[in-house]
Amino acid sequence: MTDQKQKRAVVSSLIFSFPDGESSKPKVALFRRSDKVRTYPHHLAPISGNIDPTDKDPLTAAWRELHEETTLTPANLTLWRVGKPFTFSDSTVNREWTVHPFAFKLKPASQGGQGEAAIHTDWEHESWEWHDPASVVDDEAFGSVPRLHETLRRVYPECEMDERAAEALASGLKTLREDHKSGAHELTSIALTAFREVISQTHEIDERWWTTVRMAAWHLIKNGRESMGAATLNALLSVLAAVDEILNDTTTGPEQNQKRDRILSTIDSHIANRKASTARLKDAFTFYIQSAFLTTEPKRDRITMLTLSASSTTRDSLLDAFASLDIHTLELRILESRPLFEGAALASSIYSRFQSEFLSTPDKKLDIKIYTDAAAALAAQDIDIVLLGADRICSSKGVSNKTGSLPVVLSAKHVTPSAKILVLSELEKVVGDDGILEDKVEDNDPEEVFSAWRNERVEGIQMLEDSSTSSKTDRGNSATVQVKNIYFEWVPLTLVDTFVSDEGVLDETTIGNKSQQLGKLASKYFDDL
């Protein structure tokens, strides 16, 4: 009778460096474990450790282990990617490991870090060295801990891809991660284009190929802009379902090029159909305004809406609806939306488009008023509609949208109870309990906030910057400063009056059904990766 295996949940953090710039291939740091550790002494490994019951989540454990074993902190390290967890057994140590992989990037001096000079290992390691990710293999001769390559490929699938396909995936992820201006609809188009390029640059279409492209899709969803990834998740799952059908179509024949051409054509059709869904959304929005506000007497001459952020869906739908409706004045109140002032950008875009497209319609008047974020309650007085976009719609949590959305809704409910809270969004923003998109706070670079303060010459700004930097490295400091730059927040469904989508007005049942369908597809295409 054998002893039952001990089950351990662990984090495994790989540290990457880009010595020739981020457009080049990275190196990965591997640490040789000392003879003082109990498991796998003298083996090459990532920075690993158990997930303790007191840890908030695996990422918390990852940061703790990194600091304990290398002294690295966010001052010198950036979370780059999250890998899909996996489980395996090792009979030599009588353990079953569940590994949560993470990838971190060393900050070079140009980004305020110290590069590899910041790494100072503790007693658990006797040395460390840089490796080409392509050279990392799971065999005894390489001298690594078990499943090191498996851990690596889950955060860096490029190591198993054709070179050009790898470049396409890396470029797509970088674009998604760094784009803080585009809305979710636009980001999804970027993700689909990147996915198409990955497929076009691959060779043999076989079982390994199918695993590789599904992993690429998973990363575009998870490691692009996760907080805005609902539409990307929906779109890529739809594409994967279509690809799966092509692969199993026995009438297609075995020709690789024929299958690839059909797959690429399918993705192109999906991208084109998304434009059609945008048109349907505008029509549904116009119909709602007409039926909810313009069917009673006396005839209305003005509609007043309050919105924020820079949603392309909001921008395009507003003026198209205004052009179609028999109403003279659209009063549009827009919050500035700090720290990047997307609201001001939205106002500029709408004003510019109105000037170019409505010159021949003198009976139409656009009245734009821009408010500071702090004036949300004042901006909400005597409005007809609070118009929100959505980055996610979840039946259990509500609507995730730009930070500032909840204060706007609560203010409107208080000062103008008759105002309708309207969410305008494609159905593809609905998510469920799919196990991919986490409900985590996207706390972005404080530099965006500091930059706005500098432009306004805020008194004491230098002291705040210095204190914020020292707080990251001096853990014993009793006085700390943190600048929080959080992009998204949830608005509960109970506060929303109407959901208008490309499929018409939604109810909670429709949202719930869509959520269940999405969960099944996610399980089908990602569970076995």
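Cut-off values and rules
- Residues numbered from 1 in each chain as written.
- Predicted model: local features only at pLDDT ≥ 70, side-chain atom pairs only at ≥ 80, totals over all residues.
- Heavy atoms only, no water.
- UniProt positions renumbered as here; feature names shortened; annotations may be inferred.
- pLDDT = per-residue confidence, 0-100.
- Helix = DSSP H or I, 4+ residues; strand = E, 2+ residues; numbered from the N terminus.
- Buried < 20%, exposed > 50% of the residue type's maximum accessible area, 1.4 Å probe, protein only.
- Contact = heavy atoms within 4.5 Å.
- Phe/Tyr/Trp six-rings, centres within 6.5 Å; stacked < 30°, edge-to-face > 60°.
- Lys NZ or Arg CZ within 6 Å of the ring centre and 35° of its normal.
- Expected span 1.5 Å × (residues − 1).
- Arc of directions from axis to C-beta.

Under the annotation held in an unreviewed UniProt entry, the protein chain carries the name Nudix hydrolase domain-containing protein and is attributed to Aspergillus viridinutans. Taken directly from UniProt, the Sequence similarities (unreviewed entry) text for the protein chain runs: "Belongs to the eIF-2B alpha/beta/delta subunits family."

A. The confidence of the model for the protein chain, seen in detail. Per-chain confidence: the protein chain averages 90 in pLDDT, with 95% of residues scoring 70 or above. When the elements of the protein chain are averaged for pLDDT, helix α13 (residues 461-473) gives the smallest value, 74, and helix α10 (residues 376-379) the largest, 98.

B. The side chain of Thr416, seen in detail. Considering the arrangement of structural elements, one finds Thr416 in the loop between α11 (405-415) and β15 (420-424). For Thr416, a relative accessible area of 6% translates into the label buried. Not counting chain neighbours up to four residues away, the residues in contact with Thr416 comprise Ala380, Gln381, Asp382, Ile383 and Ser411.

C. Representation of the packing of aromatic side chains. Counted by the stated rule, this structure contains 18 aromatic pairs. Consider the rings of Phe31 and Trp128, whose centres lie 5.9 Å apart with planes at 25 degrees: the pair is stacked. With Phe31 in strand β2 (residues 27-33) and Trp128 in strand β8 (residues 125-131), this pair connects stretches of sequence that are 97 residues apart. Assessed through its relative accessible area of 24%, Trp128 is described here as partly exposed. Between Phe102 and Phe104, the aromatic rings sit 6.4 Å apart at their centres with planes inclined by 45 degrees, giving tilted as the arrangement. Of note, Arg81 hangs over the ring of Trp80, and the distance from its end group to the ring centre comes to 4.2 Å.

D. Looking closely at helix α1 (residues 58-70). With 13 residues, α1 should reach 18 Å at 1.5 Å per residue; the first-to-last C-alpha distance of 18 Å fits that figure. Within α1, burial applies to Ala61, Ala62, Glu65, Leu66, Glu69 and Thr70. Axial view of α1: buried residues confined to an arc of 135 degrees, hence all on one face. Packed against the buried residues of α1 are β1 (6-17), β2, β4 (47-50), β5 (77-82), β7 (95-106) and β8. One or two residues past the end of α1 sits Thr71, with phi positive at roughly 70 degrees.

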